[in-house]
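Listed below, chain by chain, are the residues.
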Amino acid sequence: MPDTVKLEVFRYRPEGEGEPLYETFEVPYRDEWMVLDALNQIKDHQDGTLSYRWACRMGVCGSCGMTVNGEPVLTCATYLEPFLPGPIRVEPLHGFPVIRDLVGDLEDFVGKLQRVKPWIIREEERSPSEGEYLQTPEEMDAYKRYSMCINCMLCYAACPIYELEPGFIGPAAIALAQRYNLDSRDEGARERHEVLAEHEGVWSCTFVGECSIVCPKDVDPAGAIQRYKVDATLDFFRSLVTPGRSP
Ligand code: SF4
């Protein structure tokens, strides 16, 4: 194993050179190091101005997503070893405007997430004296997979449609809408349908499936989108044969 490995790091400092460039750093190589450890070595010992996001270092916060040798990954969960002998190219997640160095602007996703109302909607709230909303293990299983999303944005970076159609609501927002649609306590599916069924909702997806391949939490957003398409189509045909029922 080598003593060191080189990283080619994307740099963008709007107040400085203005144009993005790649800067090469040489860091110590350790078998147990992740890409994030190498970035921290650079920040702590070589260039304190390097900017990137991270927080939990255990694949939970979703903030350290970056592009490593062309693939969107969580840098806290990606070893250096498979990329030997290097150099290892580290870039921000593709598909998002870059604020600085490896930091992307995720505002677009935040707005789209709010549009699908990712919270439990009730037509009428039960009074506290009536007790909690009970749920069986089977009812929880119906949505649990989609609840594992950590908003890491790897699925957006991998999605070719998001790059071509910036209005596309996108994989994680749809998976999170399904997380609530399939929750037995929720009554908001009709409100979410207005967003999901529009052109830039589920119908923009051509089922490339890359979103599910890169997802570090096995959420399967591609499956969530296809499932919603089937349900929406069945609902539409039911509305044709059932007077008074809207799709
Ligand atoms: S669906 Fe997966 S890849 Fe997409 S934001 Fe959620 S955890 Fe990340």
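Position labels on residues start from 1 in each chain and follow its written sequence. With pLDDT at 70 or above as the cut-off, local features in this predicted model cover only qualifying residues; side-chain atom pairs require 80 or more to be listed or tallied, and sums for whole chains, interfaces and linings still use all residues. With hydrogens and water excluded, all non-hydrogen atoms of the structure serve as input to the side-chain values.

Caption draft 1: A look at the packing of helix H3 (residues 137-147) against helix H6 (residues 171-181). What counts as an axis is a line fitted to C-alpha atoms, over the stretch in contact for a helix, and the angles between N-to-C directions run from 0 to 180 degrees. Helix numbers and strand numbers start at the N terminus; a helix is a DSSP run of H or I with at least 4 residues, a strand a run of E with at least 2. With their axes 8 Å apart at the nearest point, H3 and H6 run at an angle of 155° to one another. The angle between the axes of H3 and H6 places the two elements in the roughly antiparallel class. Handedness of the H3/H6 crossing: left-handed. Contact residues: H3 offers Tyr143, Tyr146 and Ser147, while H6 offers Ala175, Leu176, Gln178 and Arg179. In what follows, roughly perpendicular refers to angles from 65 to 115 degrees, roughly parallel to angles under 35, roughly antiparallel to angles over 145, and oblique to any angle outside these ranges. Each helix crossing is assigned a hand: it is left-handed if the near helix lies turned anticlockwise from the far helix by less than a right angle, otherwise right-handed if that turn is clockwise. Only heavy atoms matter for contacts: two residues are in contact if any of them lie within 4.5 Å across the pair.

Caption draft 2: Inspection of the packing of aromatic side chains at higher detail. Pairing of aromatic rings covers Phe, Tyr and Trp, the last through its six-membered ring, and needs centres within 6.5 Å; plane angles under 30 degrees mean stacked, over 60 mean edge-to-face, and all others mean tilted. According to the stated counting rule, one finds five aromatic pairs in the structure shown. With centroids separated by 5.7 Å and ring planes inclined at 80°, the aromatic side chains of Phe10 and Tyr22 adopt a geometry described as edge-to-face. Taken as a pair, Phe10 in strand E1 (residues 4-11) and Tyr22 in strand E2 (residues 21-28) lie far apart in primary sequence, 12 residues in all. Relative accessibility decides the category of a residue: with a 1.4 Å probe and only protein chains considered, values under 20% of the type maximum give buried, values over 50% give exposed, and everything between is partly exposed. Relative accessible area serves as the criterion here: at 12%, Phe10 is assigned to the buried category.

Caption draft 3: Geometry of the state of the cysteines. Any two cysteine sulfur atoms within 2.5 Å of one another count as a disulfide. Across all of its chains, the model carries zero disulfides by this definition. Residue Cys211 stays outside any disulfide, its sulfur separated by 6.3 Å from that of Cys155, the closest cysteine. Classification of Cys211 as buried rests on a relative accessible area of 8%.

Caption draft 4: Up close: the site of the ligand. Near, as used in this document, describes a residue that has one of its heavy atoms within 4 Å of the molecule or strand being considered. In the vicinity of the ligand, the residues found are Cys149, Ile150, Asn151, Cys152, Met153, Cys155, Ala172, Cys215, Pro216, Val219 and Pro221. Residue composition of the shell around the ligand, by class: 10 nonpolar, one polar and no charged. Think of it as three bins: nonpolar holds Ala, Val, Leu, Ile, Met, Phe, Trp, Tyr, Cys and Pro, charged holds Asp, Glu, Lys and Arg, and polar takes everything else, Gly as well.

Caption draft 5: Summary view of the domain arrangement of the protein. Each domain span listed reflects an automatic or database assignment of domains. Here the protein is described as being made up of domain 1 (4-104) and domain 2 (107-241). Measuring from the centre of the C-alpha atoms in domain 1 to the corresponding centre in domain 2 gives 31 Å. Listed as interface residues are 12 residues of domain 1 and, on the opposing side, 12 residues of domain 2. For any pair of parts, buried area is found by adding up, for both, the accessible area (1.4 Å probe) each one loses once the two are put together. Summed over both sides, the interface between domain 1 and domain 2 buries roughly 950 Å², with carbon and sulfur atoms accounting for 70% of that surface. Area buried by domain 1 at its contact with domain 2 is led by Pro72, Leu74 and Phe96, which between them contribute 44% of it. Basic side-chain nitrogens of Lys or Arg form a salt bridge, by our definition, when they fall within 4 Å of a carboxyl oxygen of Asp or Glu. Where domain 1 packs against domain 2, one counts zero salt bridges. Counting of polar contacts relies on pairs of N or O atoms within 3.5 Å, with two restrictions inside protein: one atom must be capable of donating a hydrogen and the other of accepting it, and residues adjacent in sequence are counted only when both atoms are side-chain atoms. Across the domain 1-domain 2 interface, the total number found is one residue pair in polar contact (both at pLDDT 80 or more). Per element, the largest residue contribution to the side of domain 1 that touches domain 2 is three residues, and it comes from strand E4 (residues 71-74).

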